[in-house]
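Spelled out, the chains give:
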Amino acid sequence: MNPNEQLIEEFYAAFAAGNARTMASCYHPDVVFEDSVFGILKGQDVSDMWQMLIERSKGNLKIEFSNVSANGDSGAAQWVATYHFSKTNRQVVNKIAAAFEFRDGLIYRHTDYFNLWKWCQQALGLSGLLLGWTGFMQRKIRQQALESLRKYQAAKG
């Protein structure tokens, strides 16, 4: 296993253990993260997002990862997050493909790919099924996710 594969494994093992601090230590200070819910986050926002998600799960978050691969520049993994969405208490099983780029021995770019419509159906129920594919609903989800992160950061000080 090469150092970048080890870094990805360390990141997801920390996530599975609910250790946001170790997750953050795997990231380059100028990290760029992107997914369908939060859009693009940079730097400290990325670590804060993971910490917020872990704290909100209250220990009811299951992370499984597999197919970790990497070379000197890029890497990939598949992972599954199982949790209850905090706003509806509905169970979500989100299957995600992650892509990574490395700089200075750390994760510099992290992009998570998943089907947002499927996520909406699980997290929001009927409204997610009927509207989750629309740009309107997807923009609203992103707006609420970012507002939630900003409130979390403000409360954290």
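Each value, and the rule that gives it
- Residues numbered from 1 in each chain as written.
- Predicted model: local features only at pLDDT ≥ 70, side-chain atom pairs only at ≥ 80, totals over all residues.
- Heavy atoms only, no water.
- Pairing = 2+ DSSP bridges.
- Helix = DSSP H or I, 4+ residues; strand = E, 2+ residues; numbered from the N terminus.
- Axes fitted to C-alpha atoms, helices over the stretch in contact; angles between N-to-C directions.
- Phe/Tyr/Trp six-rings, centres within 6.5 Å; stacked < 30°, edge-to-face > 60°.
- Lys NZ or Arg CZ within 6 Å of the ring centre and 35° of its normal.
- Salt bridge = Lys/Arg side-chain N within 4 Å of Asp/Glu carboxyl O.
- Buried < 20%, exposed > 50% of the residue type's maximum accessible area, 1.4 Å probe, protein only.

### Some thoughts on the sheet that holds strand 4 (residues 74-84)
Reasoning step 1: The strand order across the open sheet built from six strands is 2-1-6-5-4-3, with neighbouring strands paired in mixed fashion. Bordering the open sheet on either side are strand 2 (39-42) and strand 3 (62-70), each of which pairs with just one other strand. Averaged over all pairs of adjacent strands, the angle between strand axes in this sheet comes to 15°, irrespective of strand direction.
Reasoning step 2: Relative to strand 6 (residues 106-113), strand 1 (residues 27-35) runs parallel, the two being bridged by four bridges. Each bridged residue has a counterpart across the sheet, and for tyrosine 27 the counterpart in strand 6 is isoleucine 107.

### Quick notes on the packing of aromatic side chains
Reasoning step 1: If you walk through the whole model with that rule in mind, you get twelve aromatic pairs.
Reasoning step 2: Pairwise contacts between aromatic rings join Phe11, Tyr12, Phe15, Tyr27, Phe33, Trp50, Phe65, Trp79, Phe100 and Phe102 into one cluster.
Reasoning step 3: The ring of tyrosine 108 has arginine 103 lying over it, and the distance from NZ or CZ to the ring centre is 3.6 Å.

### Some points on the pattern of salt bridges
Reasoning step 1: For the coordinates displayed, the defined rule picks out three salt bridges.
Reasoning step 2: Note that arginine 150 and aspartate 45 form a salt bridge whose closest N and O atoms lie 3.1 Å from each other. Taken together, the residues arginine 150 in helix 6 (residues 135-156) and aspartate 45 in helix 3 (residues 44-57) connect sequence positions 105 residues apart.
Reasoning step 3: With relative accessibility at 19%, the residue aspartate 45 sits in the buried group.
Reasoning step 4: A salt bridge links lysine 156 to aspartate 48, with the shortest nitrogen-to-oxygen separation between them at 2.5 Å. Pair noted here: lysine 156 is in helix 6 and aspartate 48 is in helix 3, with a separation of 108 residues, a long-range link.
Reasoning step 5: Under the relative-accessibility criterion, aspartate 48 is labelled buried at 4%.

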